[in-house]
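# Analysis of the macromolecular model
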Amino acid sequence: MDMSQYRDLFLSETREHINNLNKLVVTLEQEPGNRETIDDLFREAHSIKGMAATMGFDRTAQLSHHLEGLLDGFRTTGEVPSTTIDYLLAGIDLLESLLDDLQAGQPERETDGFISETPLKVEIVEDSLEEPFTAADIEGVLEEITPVAEADSESELETTTDVKVDSDIPKEEPALENTEAFQVLVDLAEDTPAAAARCILILRELEKSGELISSKPDLAELRGGAPCQQVQAWLRTSLTKENIEEALRQISGVVKVRFIEDRRKDENRRRDEDVRTIRVRTDLLDQFVNLTGELITNRHMLNTATNGRDWENLTQTLGQTRRLIDDLHHHVLQARLMPLENITGRLPRIVRDLSRKTGKKASLRLTGTNIRIDRAILEELTDPLVHLVRNAVDHGIEKDGVVTVSARREKDLVLVEVADDGKGMDPDLIRQKAVDRTLMTTSQAAKLSDHDALMLVCQPGFSTVEKVTETSGRGVGMDVVKSAISKLGGTLKIISAPGEGTRFQMRLPLSIAIIKILLVSCAGHHLAIPITRVQRTLDLPTSEIQRSGGKRVFRLDEEDVSLYSLTAALGLPEVPAGEITWVVLTEVQGRRIGLQIDHFLGHREAFVKSLGFPLNLLTGLSGATIEGDGQVVFIVDPQSLLENHQLLAND
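Since the structure is predicted, the reported quantities are computational estimates derived from the model, not experimental observations.

Scoring rules and cut-offs
- Residues numbered from 1 in each chain as written.
- Predicted model: local features only at pLDDT ≥ 70, side-chain atom pairs only at ≥ 80, totals over all residues.
- Heavy atoms only, no water.
- Helix = DSSP H or I, 4+ residues; strand = E, 2+ residues; numbered from the N terminus.
- Contact = heavy atoms within 4.5 Å.
- Buried < 20%, exposed > 50% of the residue type's maximum accessible area, 1.4 Å probe, protein only.
- Core = buried A, V, L, I, M, F, W, Y, C linked by side-chain atoms within 4.5 Å.
- 1 Å grid on protein atoms, 1.4 Å probe; cavity = no way out; pocket = protein on both sides within 12 Å on 5 of 7 lines; lining within 4 Å.
- Points joined across faces, edges and corners; volume = space filled by probe spheres on them.
- Nonpolar A, V, L, I, M, F, W, Y, C, P; charged D, E, K, R; others polar.
- Salt bridge = Lys/Arg side-chain N within 4 Å of Asp/Glu carboxyl O.
- Pairing = 2+ DSSP bridges.
- Axes fitted to C-alpha atoms, helices over the stretch in contact; angles between N-to-C directions.

Time to look at the environment of Ile397. When you line up the elements, Ile397 lands in the loop between helix 16 (375-396) and strand 10 (400-410). Linking Ile397 and Gly422, residues 25 residues apart in sequence, is a C-alpha distance of 4.1 Å. Those residues in contact with Ile397, other than ones at most four positions away along the chain, are Lys360, Ala362, Ala392, Val402, Val403, Asp420, Asp421 and Gly422.

Turning our eyes to something else, we now look at the environment of Gln596. Locating Gln596 in the fold gives a position in strand 21 (residues 591-597). C-alpha separation for the pair Gln596 and Ala568, spaced 28 residues apart in sequence, amounts to 9.4 Å. Apart from residues no more than four positions distant in its own chain, Gln596 is found in contact with Arg552, Leu563, Tyr564, Ser565, Leu566, Thr567, Ala577, Thr581 and Trp582.

What follows deals with unusual backbone geometry. Residue Pro217 is bonded to the preceding Lys216 through a cis peptide linkage, with omega at -5°. Along the chain, Pro217 falls in the loop between strand 3 (211-216) and helix 9 (219-223). The phi torsion at Ala523 lies on the positive side, around 50°, for a residue other than glycine. Taking relative accessible area as the criterion, Ala523 reaches 23% and is therefore assigned partly exposed. Phi at Asp557 is positive, roughly 50°, even though this residue is not glycine. Mapping Asp557 onto the fold places it in the loop between strand 18 (551-556) and strand 19 (559-565).

Across soluble globular proteins, you tend to see nonpolar side chains buried next to one another. The biggest cluster of nonpolar side chains holds 48 residues, and the ones touching the most others in it are Val416 and Met506. Those elements giving two or more residues to this core turn out to be helix 15 (347-358), helix 16, strand 10, strand 11 (413-420), helix 17 (427-436), helix 20 (478-487), strand 12 (491-496) and strand 13 (502-509). Looking at this core, the element that brings in the most residues is helix 16, giving nine residues. Not counting the four nearest positions on each side in its chain, Met506 is found in contact with Leu381, Leu385, Leu388, Val414, Leu415, Val416, Val418, Ile485, Thr491 and Leu492. Counting residues in each nonpolar core, the second largest holds 36 residues, with Val25, Leu41, Ala53 and Phe57 among its members.

The next thing to look at is empty space enclosed by the protein. Enumeration over the complete set of coordinates arrives at two cavities of 30 Å³ or more. Within this model, the second largest cavity holds a volume of roughly 50 Å³. Lining of the second largest cavity is provided by Leu21, Val25, Leu41, Ala45, Leu67, Leu71, Leu88 and Ile92. Where the lining of the second largest cavity is concerned, the elements lending two or more residues are helix 1 (7-30), helix 2 (35-55), helix 3 (58-77) and helix 4 (85-103). Here the residues of the lining of the second largest cavity sort into eight nonpolar, no polar and no charged.

The final tally for this structure, using the stated rule, is 28 salt bridges. When the shortest N-O distance is used, the salt bridge between Asp353 and Arg352 registers 2.9 Å. The class of Arg352 is buried, set by a relative accessible area of 9%. Residue Arg533 pairs with Asp637 through a salt bridge whose shortest N-O separation is 3.2 Å. Of this pair, Arg533 sits in the loop between strand 15 (525-530) and strand 16 (536-541) while Asp637 sits in the loop between strand 24 (632-636) and helix 22 (638-644), and the two are 104 residues apart along the sequence. Its relative accessible area of 10% is what places Asp637 among the buried residues. Salt bridges sharing common partners tie together Glu29, Asp86, Asp93, Arg349, Arg352, Asp353 and Arg356.

Strand order in this open sheet of six strands is 16-20-21-19-18-17, and the pairing throughout is mixed. Strand pairing shows two members of the sheet lacking a second neighbour, strand 16 and strand 17 (546-548), which therefore form its edges. Strand-to-strand twist in this sheet, taken as the mean axis angle between neighbours without regard to direction, amounts to 45°.

Counting buried positions over the eight residues of strand 4 (residues 230-237) gives six, a clear majority of the element. As judged from the eight bridges shared by strand 2 (residues 180-188) and strand 4, these two strands associate in the antiparallel manner. Bridge pairing in strand 4 places Phe182 opposite Leu235. Judged from the five bridges that link them, strand 3 and strand 4 form a sheet pairing that is antiparallel.

Keep in mind these numbers describe shape, not what the thing actually does.
Here's what the structure looks like:
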């Protein structure tokens, strides 16, 4: 039975089991006598063992079986010794490394060394891995790795797309550094006497050269007298091919030595990069089928109405089609949405390890992780989220405290917040640091609001700590976090004060594929601004616009708001304003500003397409959409546009 078609499904499912293992072990460390947690750990390890054995990934199966046996012993005693927690976590890390090997098309690395270091004497039953799997066993395990929805309140079966990957890759990887793997083909002369013995010598020589991963024929077959005119072996070594060939040609009867590079590594990596999967509930697929059927029916109705010039029926059918498309849009978005908990699974382990490293007592609290976000956004959010959590432990919390990761819906946005109850950040200290680093003058720093001062930590290389640790420094890498959030069409806000902790608020759109846009006109060109970037639209009397310090401002809610021309920022010819100036109120660098445009054209939903080369090099444009008349409308990102033109430099 060809199992390669299930490879990607296996990798996806096993990574979920590993995330669960990490969370459960951290929980177990706090409650070592929690029998339910021990049972859950056992079941997770058992699932990985069964799937890996079925797929033929021997070392992954061997390691998970070892962990399963260890946990089975703890189920008997009812408690896990504290000295074993680190060993379990190290085993989980090794499991994840084995998955990385498989995903990269590499042989599985060595696990015997780890298994031999078991801290406790535990009797591990080895029966299930020694017995061959029957067809019924394989089908049973395939049913076990069939994805099951966890996001909704009720458990529903899901389906997933998968990609076929060659299954004949080497299954082992030695623990050698600066090595490479390749296939060695050694041919013997046709009249070579005792060919099997010569082939054994060839294998022995290859073993001296590095790690002999596999061979055809193998030693057992050769010792049994199997005929041999060619040895095909997988070898991992740090030696050069010239040295290996020279040693092999010293063996009598060897007439040809060839080396074949392992091209599958690059091929599989490209496949893994290009092919992404997402699990979809079967009831959602049923909805797609029903909607497709109704759209087909409506197409026939439209054709009939058009051919018969029945304009009333045509209008009604168009209305039905519009409703069906809206329904389809909703369900497509649902298919792309994934719960935030998909990327928060490893956070408890990160907090636990970093707490031990820094000598602090930090705990993690997760709330709202069932909030669902577009898969593309979720993937890009992973690194910023991890960075903020690490920063909170390393520099937010002093001795002990709580890091909270929460999420909630705000209309068409999702608010993801990382907060700590530590010492907080001092805006005055940040202002002084900015002056010391000549980022601004003393007078400019004094004019900054506390909010603007806190956002300075997002400047590249800016940090308030005297000593930057190997883990993080408050502000070190924050420019990357801010850039990632902006790229997703979101905003970052920092709320902090001395002694009051720090909160990083990330407001993100639910989806980046289909968004709501505000259509505007600038110098005769139609442009679009994401609604998530728009706070308000204003019909501002031109007489209310004043000049202050060489810039235009207007008064709004007891605050002076700077006004910039979107037309000028885009390098388009200015159109003189009449009695009314049309303004889009937005937020850039944490403060409100006004964008002057020529006219408002309305708002609608749009399917955003990414820009290709060389348009993707233009700063301030995040994509494009197409109007009903075929006109291309560019999506403008006000923040990156104004920052690129340094229009805020003198504020």
